[in-house]
Amino acid sequence: LITSPFLVYQAAEQVWVTDGEVLASLHEPYFNRTYGHYCSHQNTPYRTEQAQHPGALRKGRVVYLAHPICRIYYDHGSQFHRDYFINALRLVYRDPILQVGMPSCGRVRLAKQPQENRYVLHLLYAAPLQRGRTAVIDDLPPIYDIPVTVKIDEPIRQAYLAPEMEPIAFDQAEGRVQLTVPKVECHQIVVLEL
């Protein structure tokens with residue numbers, strides 16, 4: 001899951017492996033930070049030897065992370081924490097329905113509309129900035145050439161941008177539709193007609 005140690009900020013559950021696979025090891029701090037034992041930095045250096053209990057493990061299609069990584073990412077916003085969780089998620093969901101190559105502020109929604117014989121893909125992108133306790137969107141920078149792969153077994157007749165009604169090239173093979181959205185400026189809709 002990871003290639004080098006990183007700080008997690010919170011304690012892990014102590015679990016032991018009996019017949020699973022260790023995905024990430026732990027390195028405990030040299031000492032616990034207390035009022036009686038303080039080192040003047042926020043973080044205590046870690047021991048060079050691995051702890052007896054792992055940081056992440058897998059058995060079959062179950063992946064267990066010993067830290068409350070989603071809470072830690074929410075509190076600290078570290079890319080290491082986000083990537084660690086995403087890597088673990090990819091071990092479980094190896095055949096995703098949707099893959100989109102957008103920056104991390106991007107949002108995507110795929111809806112099937114059977115009554116209209118189509119799929120509708122919404123792509124949104126804006127970079128919110130923190131202003132006090134509020135996240136605001138001051139700018140809407142465009143992004144270009146966004147690769148999209150959608151798992152659809154039904155044959156797609158045509159793809160187009162909406163509301164422009166501009167056709168968009170796509171390839172469909174082995175249950176996957178691949179296309180490149182030329183531009184997203186705040187919001188772009190892609191329609192895949194059956």
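Each chain has its residues counted from 1, running along the sequence as written. Owing to the predicted nature of the model, reporting of local features is limited to residues with pLDDT of at least 70; listing and counting of side-chain atom pairs is limited to 80 or more, with chain, interface and lining totals taken over all residues. Computation of side-chain values covers all heavy atoms of the structure but excludes hydrogens and water.

Draft legend 1. Focus on the overall build of the protein. The helix count covers DSSP runs of H or I at least four residues long, the strand count covers runs of E at least two residues long, and both are numbered beginning at the N terminus. A count of helical and extended segments in the protein gives 2 helices and 14 strands. For the protein, the C-alpha radius of gyration of 22 Å lies well beyond 16 Å, the compact-globule estimate for 194 residues. C-alpha extents for the protein along the principal axes are approximately 70 × 45 × 25 Å. When accessible area is computed with a 1.4 Å probe and restricted to protein chains, residues below 20% of their type maximum are described as buried, those above 50% as exposed, and intermediate ones as partly exposed. Considering the protein as a whole, with its 194 residues, one finds that 29% of them fall into the buried category. Long-range contacts, defined here as pairs at least 24 residues apart, represent 59% of the contacts in the protein between residues at least 6 apart. Only the protein chains shown count as cover for residues, and the accessible areas themselves come from Shrake-Rupley with a 1.4 Å probe. A total of about 13100 Å² of accessible surface is found on the protein, and carbon and sulfur atoms cover 51% of it. Radius of gyration: C-alpha atoms only; globule rule: 2.2 Å multiplied by the number of residues to the exponent 0.38. Contacts are residue-level and defined by heavy atoms, with any inter-residue pair within 4.5 Å sufficient.

Draft legend 2. Main features of the pattern of salt bridges. Throughout this description, the term salt bridge denotes a Lys or Arg side-chain nitrogen within 4 Å of a carboxyl oxygen of Asp or Glu. One pass over the full model with this rule turns up 10 salt bridges. One salt bridge connects aspartate 19 with lysine 59, and the closest N-O pair in it is separated by 3.0 Å. A residue pair is termed long-range when its members are at least 10 positions apart, and aspartate 19 in the segment before β1 (21–24) and lysine 59 in strand β2 (residues 56–59) qualify at 40 residues. Put simply, Asp95, Lys151 and Arg176 are held in one network by salt bridges that share partners.

Draft legend 3. Quick peek at the nonpolar core. The biggest cluster of nonpolar side chains holds 20 residues, and the ones touching the most others in it are Leu123, Ile146, Val148, Leu179, Val181, Val190 and Leu192. Of all the secondary structure elements, the ones that give two or more residues to this core are β6 (118–125), β9 (143–151), β10 (158–162), β13 (176–184) and β14 (186–193). With sequence-adjacent residues up to four places away left out, leucine 179 is seen in contact with Ile146, Pro147, Val148, Ile168, Ala169, Phe170, Val190 and Leu192. Note on terminology: a nonpolar core comprises buried Ala, Val, Leu, Ile, Met, Phe, Trp, Tyr and Cys residues joined through side-chain atoms within 4.5 Å. Of all hydrophobic cores here, the second largest spans 10 residues; its members include Ala56, Leu65, Ile72 and Ala88.

Draft legend 4. Focus on the sheet that holds strand β11 (residues 166–167). On the basis of which strands lie adjacent, the open sheet formed by 5 strands has the order β5-β6-β14-β10-β11 and antiparallel pairing. Every interior strand has two partners, whereas the edge strands, β5 (107–113) and β11, have only one. For two strands to be treated as a pair, DSSP must find at least two bridges joining them. Where β6 lies against β14, 8 bridges are found, and the strand directions are antiparallel. Note on β14: the bridge partner recorded for tyrosine 119 is leucine 192.

Coordinates in, geometry out; function isn't part of it.
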